[in-house]
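Chains, contacts and geometry: an overview
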Amino acid sequence: MIGNITKLALIFIPLIFSDSSLANESGDILREKKCLGDTYEEAKHSRINKKEFLDLKANFTCKVIVYQSGQYPVGGILLTPKIENDEKVPVVIFNRGGNGRFGALNYSSIFLHLKPIAEMGVAVLATQYRGGMELTDGPAESVDEFGGSDVKDVINIVRLASQLPYVDENQIHMVGFSRGAMSAFISLKELSNIKSLTVLGAPSDLFKTIEERPEMEKVFDYRVPSFTSNKESELRKRSVVYWLDELPDELPILILHGAKDERVSVEQAKILADKLSDINHPHKLVIYDDYHGLPFSQGLMYKEIKAWITGERRTE
């Protein structure tokens, strides 16, 4: 479902951002806008279910944001439960899959992927990565380096999260789907404040990815700078199985994967889990009889994620 629904051709509500001065520091919000209109009449053109829309408006605060990441303005989505007074809540950083505009988050993504996490009582911050500006204006999609300098967009949205007054800085978690898992792993070389990580359909060895799906080499060649002349080193940089020792030692990692995944084989999940076991790194592997994105296992998947981020988990 995560992989398929984002391919839908949706008619988006135009966004008109309020004026604000652009900040220079990375991780600062440059501008923001409500995700949807105040009434269902304004939102229905985005093919949103009325019941879900009313629930979102009543119980959550949703914003499309643009934040600074290095030299680029980067799009994102901020979804939080209604927060009262000085309450502080955990936050989940959601790293989407895809590349460029392919797989970019849209309004349906809010209800399908972000809202089920926010219903756990946490804030959710999702990055589009540079070049994936589906709901806002921004740089051309060609700037997406698929695990290169765009990883700064993950690091800077974590920085943004820690600046929000209602976020518990000691409870920052991360969820990465497909490419987003790769981005998460690379970002964790520099981040030390992530409490837990969940990866879904994670490519952990891009050499194996090319073996399984030769057409992906064209994607890498297009996205990754100097790929042809530095193929081995660039693939290794993006393949966590070769540098697991660079991850934070005690970071608990939940690996969710579909046995029938046709995009990233379940063997990659098994190899990742085995290598984590070899170094006694805390983790748990859950394999579903399902496909990429676990479209038929959403309820079970979110139950596992909730248990993981709340600490009600068992490691293998």
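First, a word on scope: everything that follows refers to the structure included in this document. (Residues numbered from 1 in each chain as written. Predicted model: local features only at pLDDT ≥ 70, side-chain atom pairs only at ≥ 80, totals over all residues. Heavy atoms only, no water.)

Okay, the pattern of salt bridges next. One pass over the full model with this rule turns up 18 salt bridges. Notably, a salt bridge pairs Glu267 with Lys270, separated by 3.6 Å at the nearest N-O pair. Of this pair, Glu267 and Lys270 both sit in helix α10 (residues 266–278), 3 residues apart, roughly one helical turn. Owing to a relative accessible area of 33%, Lys270 belongs among the partly exposed residues under this scheme. Among the ionic pairs, Lys284 bridges to Glu304, the shortest N-O distance being 3.3 Å. Taken together, the residues span a long stretch of sequence, with Lys284 in strand β9 (residues 283–288) and Glu304 in helix α11 (residues 298–310) at a distance of 20 residues. By relative accessible area, which is 14% here, Lys284 ends up buried. Linked through salt bridges whose partners overlap, the residues forming this network are Glu52, Asp55, Lys115 and Glu119. (Salt bridge = Lys/Arg side-chain N within 4 Å of Asp/Glu carboxyl O. Helix = DSSP H or I, 4+ residues; strand = E, 2+ residues; numbered from the N terminus. Buried < 20%, exposed > 50% of the residue type's maximum accessible area, 1.4 Å probe, protein only.)

Among the 5 residues that make up strand β5 (residues 123–127), 5 are buried, leaving the element largely enclosed by the rest of the structure. Of the two faces of β5, the one lined by Ala123, Leu125 and Thr127 and the one lined by Val124 and Ala126 are each fully buried. Regarding the hand of the β-α-β motif, the stretch spanning strand β4 (residues 89–95), helix α4 (residues 107–118) and β5 is right-handed. (Right-handed = clockwise from strand over helix to strand, strands pointing away.)

Let us now look at the packing of aromatic side chains. With the rule as written, the count across this model stands at 5 aromatic pairs. Measuring from centroid to centroid gives 5.8 Å for Phe207 and Tyr242, while their planes differ by 80°, and the two rings are edge-to-face. Note that Phe207 is positioned in helix α7 (residues 206–212) and Tyr242 in the loop between α9 (231–237) and β8 (253–258), a separation of 35 residues in sequence. Judged by its relative accessible area of 23%, Phe207 is partly exposed. Every member of this aromatic cluster is reached through a ring pair, and the members are Phe146, Phe220 and Phe227. In this structure, Lys189 is placed above the aromatic ring of Trp243, and the distance from its NZ or CZ to the ring centre is 4.0 Å. Over the aromatic face of Tyr242 sits the side chain of Arg236, whose NZ or CZ is 4.3 Å from the ring centroid. (Phe/Tyr/Trp six-rings, centres within 6.5 Å; stacked < 30°, edge-to-face > 60°. Lys NZ or Arg CZ within 6 Å of the ring centre and 35° of its normal.)

Attention shifts here to the sheet that holds β5. The 9 strands lie next to each other as β1-β2-β3-β5-β4-β6-β7-β8-β9, forming an open sheet whose pairing is mixed. Either end of the sheet is taken by a strand with one partner, and the two such strands are β1 (29–34) and β9. Averaged over neighbouring strand pairs, the angle between their axes works out to 20° when direction is ignored. As defined by bridge partners, β4 adjoins β5 across 5 bridges and the pair is classed as parallel. Its bridge partner lying in β5, Val91 is registered against Ala123. Lying on the sheet, helix α6 (residues 179–187) is in contact with β4, β6 (167–177), β7 (194–200) and β8; it crosses β6 at an angle near 135°. (Pairing = 2+ DSSP bridges. Axes fitted to C-alpha atoms, helices over the stretch in contact; angles between N-to-C directions. Contact = heavy atoms within 4.5 Å.)

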